[in-house]
Amino acid sequence: MRGRPMSSLLTILRKHPRLALLAVVLGPVAVFVYFWVYGRGAWSSKSALAEPLPGDDLLLPDDPFVRLQEEVTIDAPIDTVWEVVAQLGSRKGGFYALAWLERLCTFHIFNTYEKVDAWQTIEPGEFLFYHQAGIGSQVMDVEPGRYFTSLSDTRRPPTAQGGMALKPPFGVTHFAWTWNFVLQELPDGRTRFVNRCDTTWGPWGRTVPKWATVIALGSPSVFMVRRMLEKVKQVAEGRQRPSRVDQVVRSMGVWSDEARPAPLG
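Residues numbered from 1 in each chain as written. Predicted model: local features only at pLDDT ≥ 70, side-chain atom pairs only at ≥ 80, totals over all residues. Heavy atoms only, no water.

## Some words on a nonpolar patch on the surface
Filter applied, for reference: By definition, no residue in a patch forms a salt bridge, and every one has over 30% relative accessible area; like charges are joined within 9 Å, nonpolar side chains (Val, Leu, Ile, Met, Phe, Trp, Tyr) within 5 Å. Here the Shrake-Rupley method, with its probe set to 1.4 Å, supplies the accessible areas, and only the displayed protein chains count as covering residues. A pairing counts as a salt bridge when a side-chain nitrogen of Lys or Arg comes within 4 Å of a carboxyl oxygen of Asp or Glu. Note on classification: 1.4 Å probe, protein chains only; a residue is buried when its accessible area is under 20% of the maximum for its type, exposed when over 50%, partly exposed between these limits.
On the surface, a cluster of nonpolar side chains totalling about 430 Å² of accessible area is made up of Val245, Val248, Val249 and Met252. The exposure class assigned to valine 248 is exposed, which follows from its relative accessible area of 53%.

Below is the structure:
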């Protein structure tokens with residue numbers, strides 16, 4: 001019985017190849033449209049896009065670039081939010097987005113919702129790994145409790161062992177981007193959390209049109225960044241439930257007072 005709907009669908013597609021082709025074309029388009037509709041919900045205003053922020057000087061002075069910036073207001077003090085942000089990274093607490101989807105795309109990422117003291121320190125020169133194969137960006141500047149900035153640039157490859165500067169196979173001569181995480185204190189114990197990413201490549205606008213790069217790389221980015229912002233907000237505000245898997249495994253363990261995990265937020 002369960003196989004009949006799928007069998008009927010395949011029969012329809014065989015009889016109507018144009019319909020099948022339309023479905024193949026419109027499927028990815030629908031996904032990309034959804035990514036942008038969802039991501040734009042956290043998009044910064046035009047005035048905020050022009051606001052000077054840490055990390056704006058990481059690209060070379062003459063680099064043209066496109067900017068992705070999303071932000072969220074968190075009902076928690078800036079120090080509390082920083083504890084969550086400091087643990088970002090595939091080798092730390094994850095990226096607080098959709099870890100199951102990231103793993104499906106071969107990213108070895110697991111979100112951790114407890115504070116780990118060893119993950120609370122960020123130093124310039126360390127590498128923010130996105131993927132275990134080496135994709136990521138190198139931390140350039142840090143002001144603990146306020147911001148950290150990072151850069152990936154094929155013209156200036158990272159010096160951290162295991163980290164590489166990604167060069168998409170699109171015929172580009174160079175490719176670079178920044179990913180900067182900025183916290184700003186707001187009245188009433190709230191915090192503004194801003195994510196800014198500037199991207200450039202060469203030759204600009206010729207080998208690879210700007211719109212093509214924005215669609216191919218910007219679509220998943222705008223979606224996952226908003227998801228990350230919402231999850232960081234949820235964790236910092238103390239609304240994140242513990243992992244059910246962790247609860248089951250930990251029910252079989254014995255803790256010392258020093259080792260017992262402390263929740264974030």
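## Comments concerning the side chain of serine 90
Put simply, the test is: Put simply, DSSP H or I for four residues or longer makes a helix, DSSP E for two residues or longer makes a strand, and each gets a number counted from the N terminus. Whenever two N or O atoms come within 3.5 Å, that pair is a polar contact, provided that in protein one can donate a hydrogen and the other can accept it, and provided that, for residues adjacent in sequence, both atoms are side-chain atoms. In this analysis, two residues are considered to be in contact whenever any of their non-hydrogen atoms come within 4.5 Å of each other.
Within the fold, serine 90 resides in the loop between α4 (78-85) and α5 (99-104). Separated by 3.0 Å, the side chain of serine 90 and the backbone oxygen of phenylalanine 129 make a polar contact. Each residue touching serine 90, except ones within four places of it in the same chain, is listed here: Phe95, His108, Ile109, Phe129, Tyr130 and His131.

## As for the packing of aromatic side chains
Quick note on the threshold: Aromatic rings from Phe, Tyr and Trp, taking only the six-membered ring of Trp, are treated as a pair when their centres fall within 6.5 Å; an angle between ring planes under 30 degrees marks them as stacked, one over 60 as edge-to-face, and anything in between as tilted. Lysine NZ or arginine CZ positioned within 6 Å of the ring centre and within 35 degrees of the ring normal marks a charge as sitting over the ring.
The final tally for this structure, using the stated rule, is 12 aromatic pairs. An angle of 15° between the planes, with centres 5.8 Å apart, marks the rings of phenylalanine 95 and tryptophan 179 as stacked. A residue pair is termed long-range when its members are at least 10 positions apart, and phenylalanine 95 in the loop between α4 and α5 and tryptophan 179 in the loop between β6 (174-178) and β7 (180-186) qualify at 84 residues. There is no split in this pair, since phenylalanine 95 and tryptophan 179 are both buried. Seen in terms of ring centroids, tryptophan 179 and phenylalanine 181 are 4.8 Å apart; in terms of plane orientation they differ by 40°. Their pairing is tilted. Overall, the relative accessible area of 1% leaves phenylalanine 181 in the buried class. The rings of Trp82, Phe95, Tyr130, Phe148, Phe175, Trp177, Trp179, Phe181, Trp201 and Trp204 are connected pair by pair, giving a single aromatic cluster. Over the ring of phenylalanine 129 we find arginine 91, and its NZ or CZ is 3.7 Å from the ring centre.

## Description of α4
Test applied: By arc we mean the arc of the directions from the helix axis to the C-beta atoms, nothing more.
Among the residues of α4, Ile78, Val81, Trp82, Val84 and Val85 are the ones counted as buried. Down the axis, α4 shows its buried residues gathered within 160° of arc, on one side only.

## As for the pairing of β6
What counts here: DSSP calls a pair of strands paired once it identifies at least 2 bridges connecting them.
In terms of residue burial, β6 counts as a mostly covered element, since 5 of its 5 residues are buried. As judged from the 4 bridges shared by β6 and strand β8 (residues 190-202), these two strands associate in the antiparallel manner. Within β8, the position partnered with histidine 174 by the bridge is glycine 202.

## A short note on the pattern of salt bridges
Evaluation of the coordinates by the stated rule reveals 16 salt bridges. Among the ionic pairs, glutamate 230 bridges to arginine 226, the shortest N-O distance being 2.9 Å. Separated by 4 residues within a single helix, glutamate 230 and arginine 226 lie in helix α6 (residues 210-236), roughly one turn from each other. With a closest N to O distance of 2.7 Å, lysine 233 and glutamate 237 form a salt bridge.

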